[in-house]
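Next come the chains, spelled out residue by residue.
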Amino acid sequence: MSETNPTSPKHFPVSWDQFHRDARALAWRLASTGPFSAIICVTRGGLVPAAIVARELNVRLIETVCVESYSGSGVGRQGELRVLKGIAEAVTSGEHGGGQGVLIVDDLVDTGKTARVVRDLVPKAHFATVYAKPMGRPLVDTYITEVSQDTWIFFPWDTGLAFMPPIREGG
């Protein structure tokens, strides 16, 4: 969940191929940190990288936590956060008490507001994101690529293929 304005002059478009490579790089980095017996993905952005990481690390117990920001102020604005769906007890109790041995996966940490809400639910879990911005970076344990706070990331599921005219006409 991002507060950054999509009309920012700094754009970081990510293709499906690049995202897959970055998510696999995240799994490689996490392989030496685990083992993890469960993954919690932060919906919706964490669904795709969590699937890739789960495959690469052979984790079968996968849970979601659904966090919504709501604001009447329009697109690109984040309001107060609320948890729409919490984390199942199977991933927060017993051997997983407090998030022990659990990996949280999200696509991006931006301001850190969503990360803080999730981290408070499972404080012992390891938090990993594919991309990180400076304000949220201290809340994650592992990430692959850092981008500036004022950069807008265009994820492959947010974009489509479109014709782009040549820079110079007449060729």
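Here the structure is shown first, and the text comes after it.
All of these numbers come straight from a predicted model, not from anything done at the bench. (Residues numbered from 1 in each chain as written. Predicted model: local features only at pLDDT ≥ 70, side-chain atom pairs only at ≥ 80, totals over all residues. Heavy atoms only, no water.)

Q: I'd like to hear about the overall build of the chain, residue by residue, with values.
A: Tallying secondary structure elements over the chain gives three helices and eight strands in all. For the chain, the succession of helices and strands along the chain, N to C, is β-α-β-α-β-β-β-α-β-β-β. Sorting the 171 residues of the chain into buried and exposed places 43% on the buried side. Here the contacts in the chain between residues at least 6 apart in sequence split such that 62% fall between residues at least 24 apart. (Helix = DSSP H or I, 4+ residues; strand = E, 2+ residues; numbered from the N terminus. Buried < 20%, exposed > 50% of the residue type's maximum accessible area, 1.4 Å probe, protein only. Contact = heavy atoms within 4.5 Å.)

Q: Would you mind going over the nonpolar core in detail, with residue names and values included?
A: If you look at the biggest cluster of nonpolar residues, it comprises 22 residues, and the most contacted ones within it are Leu26, Leu30, Ile39, Val53, Leu103, Tyr131 and Ile153. Counting residues per element, the ones that place at least two in this core are α1 (16-31), β2 (38-43), α2 (47-57), β5 (102-109) and β6 (126-132). Examining the composition of this core, we find that four residues originate from one element, α1, more than from any other. Counting 19 residues, the second largest nonpolar core, distinct from the first, contains Ile40, Val65, Leu81 and Phe127. (Core = buried A, V, L, I, M, F, W, Y, C linked by side-chain atoms within 4.5 Å.)

Q: Any chance you could break down the packing of aromatic side chains for me, citing the residues and the numbers?
A: Inspection of every chain in the model, using the stated rule, returns eight aromatic pairs. Note on Phe12 and Tyr131: the rings are 5.8 Å apart at their centroids and 80° apart in plane angle, and the pair reads as edge-to-face. Of this pair, Phe12 sits in strand β1 (residues 10-13) while Tyr131 sits in strand β6, and the two are 119 residues apart along the sequence. Residue classification places Phe12 among the partly exposed positions, given a relative accessible area of 27%. Among the aromatic side chains, those forming a connected cluster through ring pairs are Phe12, Trp16, Phe19, Tyr131, Phe155 and Trp157. (Phe/Tyr/Trp six-rings, centres within 6.5 Å; stacked < 30°, edge-to-face > 60°.)

Q: Which residues make up the pattern of salt bridges, and what are the values?
A: For the coordinates displayed, the defined rule picks out nine salt bridges. In this structure, the salt-bridge partner of Lys85 is Glu63, at a minimum N-O distance of 2.8 Å. Of the two residues, Lys85 sits in strand β4 (residues 80-85) while Glu63 sits in strand β3 (residues 62-70), which places them 22 residues apart along the sequence. For Lys133, the salt bridge identified is with Asp110, shortest N-O distance 3.5 Å. Here Asp110 lies in the loop between β5 and α3 (113-121) and Lys133 lies in the loop between β6 and β7 (142-146), a separation of 23 residues in the sequence. The class of Asp110 is buried, set by a relative accessible area of 2%. One continuous salt-bridge network, built from bridges that share partners, spans Arg24, Arg55 and Glu56. (Salt bridge = Lys/Arg side-chain N within 4 Å of Asp/Glu carboxyl O.)

Q: Just give me the short version of the side chain of His96, but keep the residues and values in it.
A: Here His96 lies in the loop between β4 and β5. Overall, the relative accessible area of 5% leaves His96 in the buried class. With sequence-adjacent residues up to four places away left out, His96 is seen in contact with Ser37, Ala38, Leu61, Ala90, Val91 and Val102.

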